[in-house]
Amino acid sequence: MPMAILFRQIPLFTVLPLSLLSLFLLFRLLANHQPHRFSQLPKPFPPPPKVAYFISGTNNDGPRIFRLLQATYHPRNYYLLHLDRRASDKQRDQLARIVGSVEIFVAAGNVNVMKKSNPVNEEGSSPLALILHGAAILSRWKKDWDWFVNLAASDYPLIPQDDFLHILSYLPRELNFIEHETNITMQEYQRITDVIVDPRLYLQSAGRMFMGSEKRTVPNAFRFLTGSPHVILNHKLIQFALLGWENFPRILLLYFSNTRLSHKAYFQTLACNSEFSRTVINSNLRYTDCNSPCSESHHSRRPMDFGSMLASGAAFAGNFSVNDPIMDVIDSVVLNRGKGMPAPGAWCLGRSWSGRVSCSEWGDVDILRPGPAARRFKQLLLKLMKSKSFRSDFT
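For the rest of this paragraph, the subject is the pairing of strand 2 (residues 78-83). In terms of burial, strand 2 is largely enclosed, as six of its six residues are buried. Residue alternation in strand 2 divides its side chains into two sets, Tyr78, Leu80 and His82 and Tyr79, Leu81 and Leu83, and both sets are buried. As paired elements, strand 1 (residues 51-57) and strand 2 share six bridges and run parallel to each other. Among the inter-strand pairings, Ser56 is bridged to a residue of strand 2, identified as His82. Where strand 2 meets strand 3 (residues 111-113), three bridges bridge the pair, whose relative direction is parallel. Residue pairing for strand 3: Tyr79 is matched across the bridge by Val111.

As structure tokens, then:
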């Protein structure tokens, strides 16, 4: 083996940084003071986790989904892609063909395109049905992943996968990253009491959502929470939602099937009212713009956003416009991704072309080469741990 290739396969981080060690010791200390303990402190060089990505979009989102796939790609992970019923069968076929044309995707066998589309009404409960459907397919397809991440076509990563997996490899696999809010506003109260019917749950064609004439009372059997529809859930919580070894997930699903925007409250309510309460971190590791207001920003991205996005240490950001120039900056500065190429990592052994690695050859997928983004991501986790509300405890 040429020396250049050999050196590329040597991990850069051969010594656990002191700050990372403090991160895991603190998790261990917190776990030892709780009835529900996390798993044992990992060994100095734990194996990287595997992440199951569910990426969904709508009409004409095929190119955006493919670009997001390339930006988040790592051979260890699994990827399930979905275009909803607003997109044509031709668009789904085109997405499947372009995925099948990438040699590494075929060789790794870790990318799938859903052949059948699901109808989605963003105001109804069909988006929750879609997320659960995607999670069920991923659970049946592969069983060795650690975390489930749902992304929209308008999302984009702010961290290379080597950095993301490197930091996650030192965290307890029991953790769930779910941004949630317990203070219910009048608008949220109205959403709870309204009874809606989302016809996209049972009609092939598009149907308008309608509201029942009667109101229902606020539930007292569980505490209602709301938050972002984007979550990072561990495999066990996904299995709990899908299989339910107790009746609570099924009761909750019946309730939320007639609730507006149920995908913004179901996982928050499920996790924080169950045995998983002590594993929930009150963050989804996404960039938020606290100036307009403190939520995932919906305004058009400005050049000045790039610096604040990186400084946040977040793993993902959302609401990018089609071919947003800031995504090109992220590709160049953060991901080192050439146009039309997967984001490179330590697994890439291909030749450099115009300053970008082509990934035409690959090596050991268990080797990671983290960089500056790992330090920013680590600092975000440390900041979350210092917050008094970083971990939920409702049980």
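One pass over the structure, following the stated rule, counts one disulfide. One disulfide bridge connects Cys348 with Cys359, the sulfur atoms lying 1.9 Å from each other. The sign of the 80 degrees torsion about the S-S bond sets the Cys348-Cys359 disulfide as right-handed. Note that Cys348 is positioned in the loop between helix 13 (325-335) and strand 14 (352-353) and Cys359 in the loop between strand 15 (356-357) and helix 14 (372-386), a separation of eleven residues in sequence. A single burial state applies to Cys348 and to Cys359, both of which are buried.

Definitions and cut-offs
All residue numbers refer to positions counted from 1 along the written sequence of the respective chain. Residue-level local features of this predicted model are given only where pLDDT is at least 70; pairs of side-chain atoms are given and counted only at 80 or more, and the full residue set underlies all totals for whole chains, interfaces and linings. Neither water nor hydrogens contribute to the side-chain values; these are computed over all heavy atoms in the structure. Exposed residues in this analysis have more than 50% of their type's maximum accessible area, buried residues have under 20%, and partly exposed residues fall in between, with area computed by a 1.4 Å probe over protein chains only. Numbering of helices and strands starts at the N terminus; helices are DSSP runs of H or I of at least 4 residues and strands are runs of E of at least 2. By definition, two strands form a pair when at least two bridges between them are found by DSSP. By definition, disulfides here are pairs of cysteine sulfur atoms that lie within 2.5 Å.

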